[in-house]
Amino acid sequence: MKKEWPTYYKYFLLEVFLLVLCLPLLQKKLTLFELKPLSGAIEAPVAPGFGWMDWMDGKYQSLKENQIKESIGFYPLLIRLYNQQQYFLYNDTHAQGVIVGKEDYLYERAYIEAYLGMDYLGEDIIQDKVRKLRRISDTLKTKNIELVVLLAPGKGTFYSNYFPDKYNSAPIKRNNYESYRDAFHSTGIHLLDFQNWFLSMKGRTPYPLFSKGGIHWSYYGEVLSGDSLIKYMQQLLPNYQIPSLEITKVISDGEIRERDNDIREGLNLLLNNFSEFNLAYPSFGLVVRSQDKNKEKANVLVVSDSFYWGLFNWGMSRDVFNNSDFWYYNEMIYPESYEKETRVQDIDMKARVESNQAVLLICTDGNLHKFAFGFIDQLYQQYFPE
């Protein structure tokens, strides 16, 4: 004879079931648990505006569905669970453009493609761009303005031996870095080739120049780069006050700080069991040399990709230079945009450039296919209208 479950037990199971169903709603309304937010470019869900045209073609329903889905309680936890399952079963990530290499090395795809020459522009395009930059540089020189190009190192080139197997059979072709490097050398444009410098130091520095889990140079590599950049600018602009960078101590305690973990955090996994180097974090101060105390600070415009953010954030443009501009990807102007959004397209570009003693263009190899983000063509058109 089949045994009946006690009535109170059935009610208990029903209550548990209803509680589980209601948990996401309770979490959304009452925040029962503090959950770590998702990392990366995550935008808060916004309710779409209603319109008959959007309703008829299904756009409104799709946007509303996404808004409800992303607003549900426990959404970050559910995403991390899903990502962890995908990574565990298929070694797959849902972070856009992220490649998982051997031994826990993480890459953005652009840096692998740059090393292999998959985004190569070709010699003619690069030669034409360098020709224009040379004319701009010569023009600025007549106005006592120096132009410097800094080729920042790329992680794909630095750690090319840890690519996943599918890239091992890809042919290594001439790449944008090699063509730009050769072209700059032949024109005499001031060039800081940090790509080559980093490769020459590989395995010989006390601390890693790149982390396994970061996009950019490690914080240690960034400080070394800042120090070398300052020394170069001191020689280039001897009549201006450019403080020196002096390292006072280095912390290396196993903790990952600054931007050295940004790719890994962007994976939004539940478990973070990747291996990492023992990274280093120098503390430093700025010291004005005795021979520079009565000199004015130099205005140095920096046009760069994200490799300058770290230097900008600790005060390179503010304290080393004279509260100078940082044009991020030649679009947004900082620090002005902290107060009010200011874009390069809305200013008098030529006048702004000529208010500086130097212009510094920074670009890593992963972005050389779009160097220098429109700055060269736009300024060339102003000096040499066709």
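In what follows, the structure referred to is the one given above.
Q: What is the right way to read the packing of helix α6 (residues 123–142) against helix α16 (residues 375–383) from this model?
A: When two helices pack together, their arrangement is given by the angle between their axes and by how far apart the axes lie. At their nearest, the axes of α6 and α16 sit 10 Å apart, and the two run at 55° to each other. It follows from the interaxial angle that α6 and α16 lie oblique. As for the relative orientation of α6 and α16, their crossing is left-handed in sense. On α16, the residues touching K129, R131, K132, L133, R135, I136, T139 and L140 of α6 are I376, D377, L379, Y380 and Y383.

Q: Sorry, what's going on with the side chain of N330 here?
A: Relative to the assigned elements, N330 resides in the loop between β8 (326–328) and β9 (332–334). Reaching out from N330, the side chain makes a polar contact with the backbone oxygen of F373 at a distance of 3.2 Å.

Q: What exactly am I supposed to notice about the packing of aromatic side chains here?
A: To describe a pair of aromatic rings, you give the distance between the ring centres and the angle between the ring planes. By the definition in use, this model includes 44 aromatic pairs. Consider the rings of F194 and W197, whose centres lie 4.9 Å apart with planes at 55°: the pair is tilted. Residue F194 and its partner W197 are both found in helix α9 (residues 194–201); the two are separated by 3 residues, about one turn of the helix. Among the residues examined, F194 registers a relative accessible area of 5% and is labelled buried. Among the aromatic side chains, those forming a connected cluster through ring pairs are Y105, F158, Y159, Y162, F194, W197, F198, F210, W217, F277 and F307. Over the aromatic face of Y107 sits the side chain of K155, whose NZ or CZ is 5.9 Å from the ring centroid.

Thresholds, definitions, all that
- Residues numbered from 1 in each chain as written.
- Predicted model: local features only at pLDDT ≥ 70, side-chain atom pairs only at ≥ 80, totals over all residues.
- Heavy atoms only, no water.
- Axes fitted to C-alpha atoms, helices over the stretch in contact; angles between N-to-C directions.
- Helix = DSSP H or I, 4+ residues; strand = E, 2+ residues; numbered from the N terminus.
- Parallel < 35°, antiparallel > 145°, perpendicular 65-115°, else oblique.
- Left-handed = near helix turned anticlockwise from the far one by under 90°.
- Contact = heavy atoms within 4.5 Å.
- Polar contact = N/O pair within 3.5 Å; in protein donor to acceptor, adjacent residues only side chain to side chain.
- Phe/Tyr/Trp six-rings, centres within 6.5 Å; stacked < 30°, edge-to-face > 60°.
- Buried < 20%, exposed > 50% of the residue type's maximum accessible area, 1.4 Å probe, protein only.
- Lys NZ or Arg CZ within 6 Å of the ring centre and 35° of its normal.

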